[in-house]
Amino acid sequence: MSHHPLLFRGLKQVSGADYVQRCVIKAIKNDIVVISMHTNMDNAKYGVNWKIAEKLGLTDVNFFAAKSMDGIEAGSGVIGSLPEAMAADDFILMVKKRFGVECAMCNQLLRRPIRKVAICGGAGDFLLDDAVSQGADAFITGEMHYHQYFDYEQKIQICVIGHYQSEQYTSEVFRDIIQKECPGVQTFIAETNTNPILYI
């Protein structure tokens, strides 16, 4: 089971010519079913963004871009509060430590304490204005386009930690669901790091 799908584009051949094809061959030969819960888990209550909030110790977590999907409460991002307000530099150091990132891309350091934090794992820059309108002091995401950093100085602390890094704990969500819904089924979290981006 994975968050990001193995196949983002249809395969015209399965020859082992690349990483994706080799994974498909291995799965077929070993009778392995690959299930990927991408946007489902991005938008689900207690999904990707809730796990990020949990890792940061946020309280009073709720959707801030809520929507209804087939009558089920869902949303693209969450917002919550830190147990105590923090200075911007301390906040960024804490985020880096919790997510094991080498560097974070940020805008100008906020000169007021950070307490309210908005989150959207992966490519969440489309929610930046929603985070501002919800009164967030900081916005954490995995990716953001260059031009979106402009004009937010002292409005909100932007903290971009990498797409893979922001979603790395999603496997824990899958494990917990399987263990709860299918008692007795063995679950293992893969230790393979499939992030293709290196910070050098």
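Residues numbered from 1 in each chain as written. Predicted model: local features only at pLDDT ≥ 70, side-chain atom pairs only at ≥ 80, totals over all residues. Heavy atoms only, no water.

In this section: the packing of helix 3 (residues 48-56) against helix 7 (residues 170-181). Contact geometry of helix 3 with helix 7 gives a least axis separation of 9 Å together with a crossing angle of 105°. One way to sum up the angle between helix 3 and helix 7 is to call them roughly perpendicular. Counted together, Val48, Lys51 and Lys55 of helix 3 and Thr170, Glu172, Val173 and Asp176 of helix 7 form the full contact between these two elements. When its residues are assigned to classes, the contact of helix 3 with helix 7 shows 2 nonpolar, 1 polar and 4 charged. (Axes fitted to C-alpha atoms, helices over the stretch in contact; angles between N-to-C directions. Helix = DSSP H or I, 4+ residues; strand = E, 2+ residues; numbered from the N terminus. Parallel < 35°, antiparallel > 145°, perpendicular 65-115°, else oblique. Contact = heavy atoms within 4.5 Å. Nonpolar A, V, L, I, M, F, W, Y, C, P; charged D, E, K, R; others polar.)

A contiguous nonpolar patch, built from Met1, Val33 and Ile35 and spanning about 310 Å² of accessible area, is present on the exposed surface. Examined against the element boundaries, Val33 turns out to sit in the loop between helix 1 (19-29) and helix 2 (39-43). (Patch = residues over 30% accessible without salt bridge, like charges linked within 9 Å, V, L, I, M, F, W, Y side chains within 5 Å. Areas by Shrake-Rupley, 256 points an atom, 1.4 Å probe, with all protein chains shown as cover. Salt bridge = Lys/Arg side-chain N within 4 Å of Asp/Glu carboxyl O.)

This part covers the packing of aromatic side chains. Counted according to the given criterion, the structure contains 4 aromatic pairs. Through pairs of rings, three or more aromatic residues link up here, namely Tyr46, Trp50 and Phe63. Sitting over the face of the ring of Tyr169, Lys55 holds its NZ or CZ atom 4.4 Å from the ring centroid. One residue, Lys155, lies across the ring of Tyr152, its end atom 5.7 Å from the ring centre. (Phe/Tyr/Trp six-rings, centres within 6.5 Å; stacked < 30°, edge-to-face > 60°. Lys NZ or Arg CZ within 6 Å of the ring centre and 35° of its normal.)

With 4 bridges joining them, strand 2 (residues 66-69) and strand 3 (residues 72-75) adopt antiparallel strand pairing. Note on strand 3: the bridge partner recorded for Lys67 is Ala74. The turn linking strand 2 back onto strand 3 is made up of 2 residues, and Asp70 within it adopts a positive phi angle of 55°. (Pairing = 2+ DSSP bridges.)

Now for the sheet that holds strand 5 (residues 105-106). The 6 strands lie next to each other as 1-4-6-7-8-5, forming an open sheet whose pairing is mixed. Edge positions in the sheet fall to strand 1 (59-63) and strand 5, since each has one partner strand and no second. Sheet analysis places strand 4 (residues 78-86) next to strand 6 (residues 114-123), joined by 5 bridges and oriented antiparallel. Bridge pairing in strand 6 links Ser81 to Lys116. Taken strand by strand, helix 3 contacts strand 1, strand 4, strand 6 and strand 7 (138-143), and its axis lies near 140° from that of strand 6.

Here we take up unusual backbone geometry. Non-glycine residue Asp60 carries a positive phi angle of around 50°. You can see Asp60 is positioned in strand 1. The backbone of Gln154 sits at a positive phi, close to 65°, despite the residue not being glycine. Its location among the elements puts Gln154 in the loop between strand 7 and strand 8 (157-160).

By themselves, these figures tell us nothing about what the structure is for.
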